[in-house]
Every structure is written in structure tokens, then in C-alpha cells.
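Understanding the architecture of this molecule
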Amino acid sequence: MKADRVRFGVNLMPQLWTDGPVKSGAALMSHRSRLLGRMADGGIDHVMVGDHVMFHGGVGNDGLVDAASVVTATDELGVYLAVYLLVLRHPLLVARQILTVAQFAPGRLALGLGIGGDDRREVVASGVDPTTRGRRMDESLGLLRRLLAGETVTHEGEYFSLDRARLRPVPEQPIPLVVGGRSRAALRRAGRLGNGWLGIWTSATDCAEAIATVEEHAADAARSDVDWKHGMTFWCGFGSDRAEARGRVAPAMEGLYRTPFDKFESYVPHGTADDIAEFVAPFIEAGCTTLNFIPLAGNDEAGIDAVAEVRALLRK
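Conventions used here
Residues numbered from 1 in each chain as written. Predicted model: local features only at pLDDT ≥ 70, side-chain atom pairs only at ≥ 80, totals over all residues. Heavy atoms only, no water. Salt bridge = Lys/Arg side-chain N within 4 Å of Asp/Glu carboxyl O. Buried < 20%, exposed > 50% of the residue type's maximum accessible area, 1.4 Å probe, protein only. Helix = DSSP H or I, 4+ residues; strand = E, 2+ residues; numbered from the N terminus. Expected span 1.5 Å × (residues − 1). Contact = heavy atoms within 4.5 Å. Core = buried A, V, L, I, M, F, W, Y, C linked by side-chain atoms within 4.5 Å. Axes fitted to C-alpha atoms, helices over the stretch in contact; angles between N-to-C directions. Parallel < 35°, antiparallel > 145°, perpendicular 65-115°, else oblique. Left-handed = near helix turned anticlockwise from the far one by under 90°. Bend = angle between axes of the 7 residues up to and from the residue. Polar contact = N/O pair within 3.5 Å; in protein donor to acceptor, adjacent residues only side chain to side chain.

**Structural notes on the pattern of salt bridges**
Using the criterion set out here, one finds 14 salt bridges in the structure. In this structure, the salt-bridge partner of R146 is E151, at a minimum N-O distance of 3.0 Å. Given the relative accessible area of 29%, R146 is considered partly exposed. In this structure, the salt-bridge partner of E244 is R248, at a minimum N-O distance of 3.7 Å. On the criterion of helical spacing, the pair formed by E244 and R248 is a turn pair, its members being 4 residues apart in helix 9 (residues 242-257). Note on E244: relative accessible area 33%, which makes it partly exposed. Residue class for R248 comes out partly exposed when judged on its relative accessible area of 30%. Overlapping salt bridges, with partners in common, bring together D51, D62 and R89 in one network.

Encoded structure:
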């Protein structure tokens, strides 16, 4: 895989999900406008937005609402929503929301889909039994694909029932649905129902093996014409050296996930832009066409500039 075919995204989630003052109204719009312009100027391809209803301590944002706010604020950048917690919603309503957002940004929307579970209270609070997430996801994703394709869907399943459901208008360019998750079930789901696989907290070797497994599942399902859009998401710390960079990313991750950074450290690149580029390059060789970064670099602007520098280094 050549780096010039890889799409680069930036997620500024840590600066939004804090216990400090939160920007709103005109201040938020002005701040976001500056950041989106900086991303476009730096050659960033898309903004990555997240999705949580009630993550540790109640933080989060609705991913599709956030995606809509981004695509209507810029004509240049795409939006990559990852991972969207499809299992917490009804697929018919999700399909309508996706199609509504896509009308504002033809060809600029992609979704990574997951089952959640890093905070099971979020799943339970949404009325979903955590033990059913995998089966619910399979059923929901199958329905979502059909609805986004404009099919008339009649379905009676374990979790959902539809009678001649149909949604219009359907976008001319299909919306990529990429499946996140490291389990065998997630890899099977990506191969049978997805347009790719999205990984996080894994090695380049394991990433390559996961991609191969996904594509084997696709072959078994007689899916031979998939335009694969495999990707990785990286939390990362930038600084003048590894110690400074670690000091930025470690507290943010520990505060959000309530887990010691040691658990993540080998999968979280931190250091200078050269260090990050060296860490990420093998994932491109493994077959990733999308790289999403959650950068901790002192402030929002510095994070954007650092990812832009990594992009430039990888494309040399």
C-alpha cells in the first residue's frame, strides 16, 4: 500500500470531553471554524468524530449530530464517524439519520461501527442487554446496509421487525460501513457485512492478520467486489521527546478510560512526528487505507499541525 493512497483524519475528542469550561454557541462555532480551516490547509482528509451516549462519568457526543455539524461547516473535509454505537439504536432510525447527513455531503461521509462495551453502564442505560450486542449488531448491520441501498425491507428477526420499510433518497455514492472490533466475531462481521475493518490498540502484525482474516470471511461469503477501506485509529502523544509526549497522552487516556496507561502504552505512539511516522508506517504496509489520529500535543492547533507533519513524512 502506498502512503499517497492513505486518507488521514484527526479527532480532537480529548479537548472536548473535559471537566473544564465547555465552549458553546458563537465561541464554539468560531473555534471549530479555525480548526477545520487548519486541517484543510494541512492536507488532512477528514475529521474523525466519536459517539457515546454516557461514557465514563457521563461524557460523550451524538456522533451523527456531530457529523452533521461538521459537514455543514466545511466543503473541503470529509467526516469519519468512529465508532458509532449502532447496537444502542434502531437501524431504521439510524439509516434515516445517515441519509440526512449524506445529503449535505455526498461522498464525504464514512462510518465505523462498533458494539461498545468499554463502559457497560452506557449499554445498559440505553436499554440493551450487553450479552446480546454481537447478535444485535449482526442483525442491525444487515438491515442498515439494505435500507441505505434503497431496498424495500420486510424482516422479522430476534430484535427488529420491519414491514415494507423503504427510505429515499439514496445517495449515488454508497456510504462506507467499516466494522470495528478485535474479536473473531467482529472480523467475521467485517468480512460478511462491512466495507472494511477498523482497528485500535493492536500491533502492525496483528493488524495485517486481521485484514487477511476479514477478506477470507468475505471470500467465503462470495463477496469478491469489495472496495476495502481498512483502517486504524491511534491515540498519540506529540512532544519534543518521548517523555514530554507521554506526559501529554497518558493522563488523558487514564482519565477517560479509568485504566493505567501501561495497558495501552505499547500501542500508543508518542514522541516527535518522526517517531509517530515510524510507528505508523508498518500499518500502511499491512493494508490500511485510513489512519485516524487522536493527538495530544498541548493544544488543538498543535495536534493538527503534528498530524499534518506525520502525513508529509509518510508521503515522502
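**Thoughts on helix 4 (residues 91-104)**
Counted at 1.5 Å a residue, the expected span for helix 4 with its 14 residues is 20 Å, and the 20 Å between its end C-alpha atoms agrees. Where the residues of helix 4 are buried, they touch helix 3 (63-71), strand 5 (78-85), strand 6 (109-114) and helix 6 (133-148).

**Observations regarding the nonpolar core**
Counting residues in hydrophobic clusters, the biggest one holds 81 residues, and the most contacted among them are I98, L113, L144, L291, F293 and L314. Setting aside anything within four residues of it in sequence, one finds L314 in contact with A3, F8, A277, V280, A281, I284 and L291. The next biggest cluster of nonpolar side chains, apart from the first, holds 15 residues, and it includes V59, W235, M253 and I294.

**Some thoughts on the packing of helix 2 (residues 25-41) against helix 11 (residues 300-315)**
Running from N to C, helix 2 and helix 11 point in directions that differ by 15°, and their axes come no closer than 10 Å. Between helix 2 and helix 11, the interaxial angle falls into the category roughly parallel. Crossing of helix 2 against helix 11: the hand is right-handed. Residues H31, L35, R38 and M39 of helix 2 form the contact with helix 11, whose own contacting residues are D300, E301, I304 and D305.

**Things to note about helix 10 (residues 273-285)**
Between its first and last C-alpha, helix 10 extends 19 Å over 13 residues, near the 18 Å set by a 1.5 Å rise per residue. At F279, helix 10 shows its strongest bend, of approximately 25°, with the proline P282 following within four residues. Every buried residue belonging to helix 10 is among A273, I276, A277, V280, F283 and I284, and all of these are buried. Contact partners of the buried residues in helix 10: helix 8 (204-220), strand 11 (231-238), strand 12 (270-271), strand 13 (290-296) and helix 11. G287 sits one or two positions beyond helix 10 and adopts a positive phi of about 120°.

**Here we look at the environment of N195**
Within the secondary structure, N195 sits in the loop between helix 7 (184-193) and strand 10 (197-200). Accessibility expressed as a relative area gives 15% for N195, which makes it buried. Between the C-alpha atoms of N195 and V178, which are 17 residues apart in sequence, the distance is 5.2 Å. Here N195 is in contact with R145, I175, P176, L177, V226, D227, W228 and K229, once residues within four sequence places are set aside. Polar contacts involving the side chain of N195 include one to the side chain of R145, which spans 3.3 Å.

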